[in-house]
Amino acid sequence: MGALIALSRLIDRITDTIGKSVSWLILVAILVAAANAVVRKVFNTSSNAWLELQWYLFGAAFLLAAAYTLKQNEHIRIDILYGALSRRKQHWIDLFGHVVFLMPMVCLMIWLLVPYALMSFRSGEMSTNSGGLIIWPAKALLLMGFVLLFFQGLSEIIKKIAVMRGLIDDPFPPEEGYDMDPVAKEEMR
């Protein structure tokens, strides 16, 4: 299990680096949008390439940050029942969700996206918009986003098992002031 925990930590470091780096793409997208608006108003000209570049930048930030969002435990979940359960039961629910829902969906998407992105790259697919950009980078970003999500999902599974076995500390312990009932406290031990 020690080797798997080390692998998980490596995946987490890579995810952190990518997640924090791609956040700058939002700023670049905003600057491109502002420059495009100024050029359109001042010089009465524009290009579909600038609009598509904005979409690519925003899409890249969203897709490449999905794994980082998973690592930070920031994906949306409905906590109606989950929040009332013991932390151990929450770990079991998370593990079940990762194994039964996340990983099969991510594997399916990777399996479908590899030929989709390769075909686009090999054909040199271009935007149907006049003056648009090549399409394969956007399709490659889809694939990269799901590959990163696969590895982070694997890391989360390893961490859940390690936490439940008591091999590592819970990366997201209950918050201070969290009023856990005595039975739930005992279950965590």
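Residues numbered from 1 in each chain as written. Predicted model: local features only at pLDDT ≥ 70, side-chain atom pairs only at ≥ 80, totals over all residues. Heavy atoms only, no water.

> Explanation requested: helix α3 (residues 87–123) in the structure shown.
Working note: α-helix, 3.6 residues per turn, so residues spaced by three or four point in the same direction. With 37 residues, α3 extends 51 Å from end C-alpha to end C-alpha; this agrees with the ideal 54 Å at 1.5 Å per step. Its maximal kink placed at H98, α3 deviates by approximately 35°. The first or second residue beyond α3 is G124, which carries a positive phi of 65°. (Helix = DSSP H or I, 4+ residues; strand = E, 2+ residues; numbered from the N terminus. Expected span 1.5 Å × (residues − 1). Bend = angle between axes of the 7 residues up to and from the residue.)

> Got a minute to help me understand the nonpolar core in this structure?
Soluble globular proteins: nonpolar side chains tend toward being buried together. Of all hydrophobic cores here, the largest spans 14 residues; its most connected members are L102, V106, I110, L143, F146 and L149. When residues of this core are traced back to their parent elements, those giving at least two are α2 (48–71), α3 and α4 (136–164). Excluding its chain neighbours within four sequence positions, the residues that come into contact with V106 are F146, L149 and F150. If you look at the next biggest cluster of nonpolar residues, it comprises eight residues, including V22, A60, A65 and L148. (Core = buried A, V, L, I, M, F, W, Y, C linked by side-chain atoms within 4.5 Å. Buried < 20%, exposed > 50% of the residue type's maximum accessible area, 1.4 Å probe, protein only. Contact = heavy atoms within 4.5 Å.)

> Any chance you could explain the side chain of S155 here in plain terms?
By secondary structure assignment, the location of S155 is in helix α4. Side-chain polar atoms of S155 contact the side chain of D12, separated by 2.8 Å. Residues within four places of S155 in sequence aside, it is in contact with S8, I11 and D12. (Polar contact = N/O pair within 3.5 Å; in protein donor to acceptor, adjacent residues only side chain to side chain.)

> What exactly am I supposed to notice about the pattern of salt bridges here?
Once the charged atoms of two side chains with opposite charge are near each other, the side chains can pair. As enumerated under the stated definition, the model contains six salt bridges in all. Between K159 and D12 there is a salt bridge; the shortest N-O distance is 2.9 Å. A residue pair is termed long-range when its members are at least 10 positions apart, and K159 in helix α4 and D12 in helix α1 (residues 2–43) qualify at 147 residues. Note on K159: relative accessible area 11%, which makes it buried. In this structure D12 comes out as buried when scored by relative accessible area, which is 10%. (Salt bridge = Lys/Arg side-chain N within 4 Å of Asp/Glu carboxyl O.)

> Help me understand the packing of α1 against α4 in this model?
Packed helices, taken two at a time, are described by the angle between their axes plus the distance between the axes. Interhelical geometry of α1 versus α4 gives an angle of 135° and a closest axis separation of 9 Å. By the angle between their axes, α1 is oblique relative to α4. Of the two elements, α1 crosses α4, and the hand of that crossing is left-handed. Contacts between α1 and α4 involve L4, I5, L7, S8, I11, D12, T15 and I18 from the former and L148, F151, Q152, S155, E156, I158, K159 and A162 from the latter. The class makeup of the residues in the contact of α1 with α4 is nine nonpolar, four polar and three charged. (Axes fitted to C-alpha atoms, helices over the stretch in contact; angles between N-to-C directions. Parallel < 35°, antiparallel > 145°, perpendicular 65-115°, else oblique. Left-handed = near helix turned anticlockwise from the far one by under 90°. Nonpolar A, V, L, I, M, F, W, Y, C, P; charged D, E, K, R; others polar.)

> Help me out: how do you make sense of the layout of surface pockets in this one?
With a probe scaled to a water molecule rolled over the atoms, the places where space remains empty come into view. In this structure, the largest pocket spans a volume of roughly 570 Å³. In terms of lining, the largest pocket is formed by 27 residues, of which the most central are L70, H75, R77, H98 and L102. Looking at the lining of the largest pocket, the elements that each hand over two or more residues are α2, α3 and α4. Looking at the lining of the largest pocket element by element, the count peaks at eight residues for α3. Classifying every residue of the lining of the largest pocket by side-chain character gives 14 nonpolar, six polar and seven charged. (1 Å grid on protein atoms, 1.4 Å probe; cavity = no way out; pocket = protein on both sides within 12 Å on 5 of 7 lines; lining within 4 Å. Points joined across faces, edges and corners; volume = space filled by probe spheres on them.)

> Sorry, what's going on with the side chain of S8 here?
Within the element layout of this structure, S8 appears in helix α1. S8 gets classed as buried once you look at its relative accessible area, which sits at 2%. Among the polar contacts listed, one links the side chain of S8 to the side chain of S155, at a separation of 2.7 Å. Leave out the neighbours within four places in its chain, and S8 touches S155, I158 and K159.

Keep in mind that these numbers describe shape and distance, not what the molecule does.
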